[in-house]
Amino acid sequence: MRKCTLLLLSMGLICAAQAQSSFSRNFTYFEAGGNGLFGSFNYERQFSKKPGFGMRAGLGFYHEYDPALTIPIAINYLIPLKNEYQFLEGALGLTPVLTYERPQKNQVDIEIDHVFMPTFGFRKHTRNNYMWRINLGAFIATYDGYTLPYIGFSYGKRF
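Note that the structure is a prediction, hence the values are computed from the model and not measured.

### Here we look at a nonpolar patch on the surface
Logical step 1: Together, Phe47, Phe53, Met55, Ile73, Ile75, Tyr77 and Ile79 give the surface a local cluster of nonpolar side chains, amounting to about 630 Å² of exposed area.
Logical step 2: When contributions to the nonpolar patch are tallied by element, the ones reaching two or more residues are strand 3 (53-63) and strand 5 (73-80).
Logical step 3: The leading source of residues in the nonpolar patch is strand 5, at four residues.

Set out below in structure tokens:
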């Protein structure tokens, strides 16, 4: 009986240790809204093997008056919740916005503006290595000083 109890206890500890080591450090995802403004494809890397500080960068698009290329870059921090697959997330991002126009046939004017984007949100990892998240934030335009609230939704793969 004692051997059986020790065996079950050992198996439980091994399973718990394996479950805790299931955190993936790399993510690729598509984000609608969010730091890419209209949409972006992003890569994220956590700096350690446990949830904490990480960095993300991507390529996105925006179109208001002229088409624009966006490059969302952010430092984020994941705060684990009770469920090992759920996190609160805070991030500080800066998104360069490259707009271009053609005033003449052989001329292209490129303008680079920057948008500061602090965000806070919820992230869920699934057991089959997918991830989704929802973020709320502020769009703070450094070029003309206006601020707007925004929402972003992301879905992607962990590896």
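### Details of the nonpolar core
Logical step 1: Leu37, Tyr62, Ala68, Val97, Val115, Met117, Phe139, Ala141 and Tyr150 together form the largest nonpolar core, which totals nine residues.
Logical step 2: Elements with a contribution of two residues or more to this core: strand 7 (107-125) and strand 8 (130-141).
Logical step 3: Excluding its chain neighbours within four sequence positions, the residues that come into contact with Val115 are Gly93, Leu94, Thr95, Val97, Phe139, Ile140, Thr142 and Tyr143.
Logical step 4: Membership of the second largest hydrophobic core comes to six residues, among which are Phe27, Tyr29, Leu78 and Phe87.

### Considering the environment of Pro149
Logical step 1: Checked against the element boundaries, Pro149 lands in strand 9 (residues 147-158).
Logical step 2: Sequence-distant contacts of Pro149, that is, excluding residues within four places in its chain, are made with Gly137 and Ala138.

### Section: the side chain of Ser24
Logical step 1: Inspection of the secondary structure assignment puts Ser24 in the loop between helix 1 (2-20) and strand 1 (26-33).
Logical step 2: The exposure class of Ser24 is buried, given its relative accessible area of 11%.
Logical step 3: If sequence neighbours within four positions are ignored, Ser24 has contacts with Asn129, Arg158 and Phe159.

### A closer look at the pattern of salt bridges
Logical step 1: Tallied over the entire structure, the rule returns six salt bridges.
Logical step 2: Taking the shortest distance from any N to any O, the salt bridge between Glu44 and Arg123 comes out at 2.9 Å. Of this pair, Glu44 sits in strand 2 (residues 39-46) while Arg123 sits in strand 7, and the two are 79 residues apart along the sequence.
Logical step 3: Since its relative accessible area comes to 0%, Glu44 is described here as buried.
Logical step 4: Relative accessible area serves as the criterion here: at 0%, Arg123 is assigned to the buried category.
Logical step 5: If you follow the salt bridges from partner to partner, you end up with Glu31, Glu44, Arg56, Glu89, Arg123 and Arg133 in one network.

### With respect to the environment of Leu69
Logical step 1: Relative to the assigned elements, Leu69 resides in strand 4 (residues 67-70).
Logical step 2: Classification of Leu69 as partly exposed rests on a relative accessible area of 36%.
Logical step 3: Along the chain, Leu69 and Gly36 lie 33 residues apart, while their C-alpha atoms are 8.8 Å from each other.
Logical step 4: In this structure, Leu69 is in contact with Leu59, Gly60, Pro96, Val97 and Leu98, ignoring residues within four places of it in sequence.

### Quick word on the packing of aromatic side chains
Logical step 1: Per the stated rule, a full pass over the model turns up eight aromatic pairs.
Logical step 2: Summarising the aromatic geometry, the rings of Phe38 and Phe61 are spaced 6.5 Å apart at their centres and angled 80° between planes, so their arrangement reads as edge-to-face. With Phe38 in the loop between strand 1 and strand 2 and Phe61 in strand 3, this pair connects stretches of sequence that are 23 residues apart.
Logical step 3: Feature note: the residues Phe38, Phe61 and Tyr62 constitute an aromatic cluster, connected by ring pairs.
Logical step 4: For the cation-ring pair, Arg123 lies above Phe27, with the distance from its terminal atom to the ring centre recorded as 4.9 Å.
Logical step 5: Note that Lys157 overlies the ring of Tyr130, its terminal NZ or CZ placed 4.4 Å from the centroid.

Conventions we followed
Residues numbered from 1 in each chain as written. Predicted model: local features only at pLDDT ≥ 70, side-chain atom pairs only at ≥ 80, totals over all residues. Heavy atoms only, no water. Patch = residues over 30% accessible without salt bridge, like charges linked within 9 Å, V, L, I, M, F, W, Y side chains within 5 Å. Areas by Shrake-Rupley, 256 points an atom, 1.4 Å probe, with all protein chains shown as cover. Salt bridge = Lys/Arg side-chain N within 4 Å of Asp/Glu carboxyl O. Helix = DSSP H or I, 4+ residues; strand = E, 2+ residues; numbered from the N terminus. Core = buried A, V, L, I, M, F, W, Y, C linked by side-chain atoms within 4.5 Å. Buried < 20%, exposed > 50% of the residue type's maximum accessible area, 1.4 Å probe, protein only. Contact = heavy atoms within 4.5 Å. Phe/Tyr/Trp six-rings, centres within 6.5 Å; stacked < 30°, edge-to-face > 60°. Lys NZ or Arg CZ within 6 Å of the ring centre and 35° of its normal.

Nothing here speaks to function; it is geometry throughout.
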